Amino acid sequence: MKAIVYKQYGPPNVLELTEVEKPTPNDNELLIKIHATTVTAGDYRMRKADPFLARLYNGLFKPKKINILGFEIAGDVEAVGKSVSHFQVGDKVFASCGIGFGGYAEYKCLAEDAIIAEKPSNMSYAEAAAVPIGGITALRFLRAGNIQNGQSVLIYGASGSVGTYAVQLAKHFGTKVTAVCSTANVEMVKSLGADKVIDYTREDFTQTNEKYDIIFDTVGKSPFTQSVATLKSGGFYLNAAQMGLLPMIRGLWVSKTTNKKVISDAGGERREYLLFLKELIEAGHLKAVIDREYPMEDIIEAHQYVQKGHKKGNVIIPIIPAV
C-alpha cells in the first residue's frame, strides 16, 4: 500500500511517499480503508520531535516506534478480526488513531475498542476525518472547565481546528462566546456563532473591562498572568497547547493559591466523546471547517503550510478516493 513515512526527525522534507506492507487485522481489530486524513499540530510536532520528550517515546535519535504519521482518519471497514462484534465490513467510520498515528496510509488497523464510530451520515469523508482530534480536544477541555449554561466564555485561537469546534460547542452549551482571532478570520468565526469576535491585531482582550468564567487558549499564545487576571472569581483558564515545566508550575501555583483553576491536561480521549460529537453533527449543531486539501504527493507542502500556524480549521489529505 502507499504510505507517507519519515526515517529521521526534521523539517517537512523528511516525509516520503513510498510503498509499505498492507497491515492484517488481529482478532480484535478492524482493517480500515482510509479515504481521508489530516495534518495536525501533533503530526508536525512528532515529525520535528518537538517537544524533545517526543524522542523518549518514539526513539532518541530517529523514529523507531512510529514512522507513519496521521492522527485522525475516515474510511470504510474492509475486514474485521474474528472477535469483532460491533462493526462489520462496509461500515463507514471515523476515528482517532491516538498516539499510534498511522493515518498517512491507504490502510490502518484499529482495535474495536479504539476511538472509532460510524461516520456522521451528513458528512463527507474529508469532513469526518477533521473531527476526532480538534472536536474531542475542544469538548474534553470545555467539560474539564465545568462549562455551564449562561456563562461567559472566551476562545483564544478561535479559527484553528480546536478553536472552531470550541466556539460551536460553547454556544451549544448555552454560553456567551467571545472569540479571539486575526483580521482575516473574523467573519468566518462569526459564522460559527460567536457573540463577539476580537481581532487580536487591533485589540487586547485583557485590556477591556470584560471578565470571563472560562478562558480557553487553544494555541498556547495568550498571556498567562493577564489571562488569569481576566477571569471571574472561580473561573477556569484552559490551555490545550501548554508545554514546558515553567508553565506547569505557574498553573499549579495559581490553582493552589487562588480560587481560580488552570487546566492544561483534560484527560484522555474517550469513544463517548466521539459519539457525542456525531450526534451534534447529525443534528446540524456542529460542522467541520476545511481550509485546504493536499494530495498525498504534496504532503511536504501541507506540513509547511500547517507549521506556519495560520490554518483556518483543518487541512485534509485525501487518500483513497471514495467510490
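For the structure, see preceding data.
Residues numbered from 1 in each chain as written. Predicted model: local features only at pLDDT ≥ 70, side-chain atom pairs only at ≥ 80, totals over all residues. Heavy atoms only, no water.

This part is about the overall build of the chain. When you go through the chain residue by residue, the secondary structure sums to 10 helices and 15 strands. Taking 20 Å as the expected radius of gyration for a compact globule of 323 residues, we find that the chain reaches 20 Å, a close match to that expectation. Principal axes of the C-alpha set define a box for the chain whose edges measure 60 × 45 × 35 Å. The buried share of the chain, reckoned over its 323 residues, is 56%. Taking all contacts inside the chain whose residues are at least 6 apart in sequence as the whole, residues at least 24 apart take part in 70%. (Helix = DSSP H or I, 4+ residues; strand = E, 2+ residues; numbered from the N terminus. Rg over C-alpha atoms; globule rule 2.2 N^0.38 Å. Buried < 20%, exposed > 50% of the residue type's maximum accessible area, 1.4 Å probe, protein only. Contact = heavy atoms within 4.5 Å.)

This part is about the sheet that holds strand S8 (residues 152-156). Pairing in this open sheet of 6 strands is parallel, and the strands run S10-S9-S8-S11-S12-S13 from one edge to the other. On the outer flanks of this sheet lie strand S10 (196-199) and strand S13 (261-263), each paired with one strand and no other. On average, each strand axis in the sheet is tilted by 15 degrees relative to the strand beside it, whichever way the strands run. Relative to S13, strand S12 (residues 231-239) is paired through 3 bridges, and the arrangement is parallel. Across the sheet, residue Tyr 237 finds its bridge partner in S13, namely Val 262. (Pairing = 2+ DSSP bridges. Axes fitted to C-alpha atoms, helices over the stretch in contact; angles between N-to-C directions.)

Below, the discussion takes up unusual backbone geometry. The amide bond that connects Asp 50 to the next residue, Pro 51, takes the cis arrangement and shows omega of 10 degrees. By secondary structure assignment, the location of Pro 51 is in the loop between helix H1 (41-48) and helix H2 (54-58). Residue Ala 49 is not a glycine yet carries a positive backbone phi of 55 degrees. Locating Ala 49 in the fold gives a position in the loop between H1 and H2. Among the residues examined, Ala 49 registers a relative accessible area of 8% and is labelled buried. The phi dihedral of Phe 101 is positive, around 50 degrees, even though this residue is not glycine. Within the element layout of this structure, Phe 101 appears in the loop between strand S5 (92-96) and strand S6 (107-111). On the basis of relative accessibility, which here comes to 2%, the residue Phe 101 falls in the buried class.

Ile 155, Val 167, Leu 169, Val 189, Phe 216 and Leu 238 are the most contacted members of the largest nonpolar core, which totals 53 residues. If we skip the residues at most four places from it in the chain, Leu 169 touches Gly 135, Ala 138, Leu 139, Leu 142, Phe 276, Leu 277, Leu 280 and Leu 286. Tyr 6, Met 46, Tyr 107 and Tyr 305 belong to the second-largest nonpolar core, a separate cluster that totals 47 residues. (Core = buried A, V, L, I, M, F, W, Y, C linked by side-chain atoms within 4.5 Å.)

Further remarks concern helix H9 (residues 271-282). Given a rise of 1.5 Å per residue, 12 residues ought to cover 16 Å, and the 17 Å separating the end C-alpha atoms of H9 matches this to within 8%. Following H9 by one or two positions, Gly 284 adopts a phi angle in the positive range, close to 85 degrees. (Expected span 1.5 Å × (residues − 1).)

Moving on to the pairing of strand S15 (residues 314-318). Of all 5 residues in S15, 4 are buried; the element is thus mostly enclosed. Bridge analysis of strand S14 (residues 290-293) against S15 gives 3 bridges, and the strand direction is parallel. Each residue of the ladder has a partner; that of Arg 292, found in S15, is Val 315. The β-α-β motif built from S14, the intervening helix H10 (residues 299-307) and the parallel element S15 has right-handed crossover chirality. (Right-handed = clockwise from strand over helix to strand, strands pointing away.)

Let's shift gears to the packing of aromatic side chains. Ring pairs (aromatic) are described by centroid distance and by the angle formed between their planes. If you walk through the whole model with that rule in mind, you get 7 aromatic pairs. Taking 6.3 Å as the distance between ring centres and 10 degrees as the angle between the ring planes, the aromatic pair formed by Phe 173 and Phe 276 counts as stacked. Of this pair, Phe 173 sits in the loop between helix H5 (161-172) and strand S9 (176-181) while Phe 276 is found in helix H9, placing the two residues 103 residues apart along the sequence. Residue classification places Phe 276 among the buried residues on the basis of a relative accessible area of 18%. (Phe/Tyr/Trp six-rings, centres within 6.5 Å; stacked < 30°, edge-to-face > 60°.)

With that settled, the discussion passes to the pattern of salt bridges. Counting across every chain of the model gives 11 salt bridges. Residue Asp 291 pairs with Arg 292 through a salt bridge whose shortest N-O separation is 3.9 Å. Classification of Asp 291 as partly exposed rests on a relative accessible area of 23%. Under the relative-accessibility criterion, Arg 292 is labelled partly exposed at 36%. Each of Lys 22, Lys 33 and Glu 78 takes part in a single network of salt bridges with overlapping partners. (Salt bridge = Lys/Arg side-chain N within 4 Å of Asp/Glu carboxyl O.)

Attention now goes to the packing of helix H4 (residues 132-144) against H5. Direction vectors running N to C along H4 and H5 enclose 50 degrees, while the axes themselves pass 8 Å from each other. The angle between the axes of H4 and H5 places the two elements in the oblique class. Considering the relative orientation of H4 and H5, their crossing is right-handed. Only Ser 161, Val 162, Tyr 165, Ala 166, Leu 169 and Ala 170 of H5 make contact with H4, whose side of the interface consists of Gly 134, Gly 135, Thr 137, Ala 138, Leu 139 and Leu 142. Considered class by class, the residues forming the contact of H4 with H5 number 8 nonpolar, 4 polar and no charged. (Parallel < 35°, antiparallel > 145°, perpendicular 65-115°, else oblique. Left-handed = near helix turned anticlockwise from the far one by under 90°. Nonpolar A, V, L, I, M, F, W, Y, C, P; charged D, E, K, R; others polar.)

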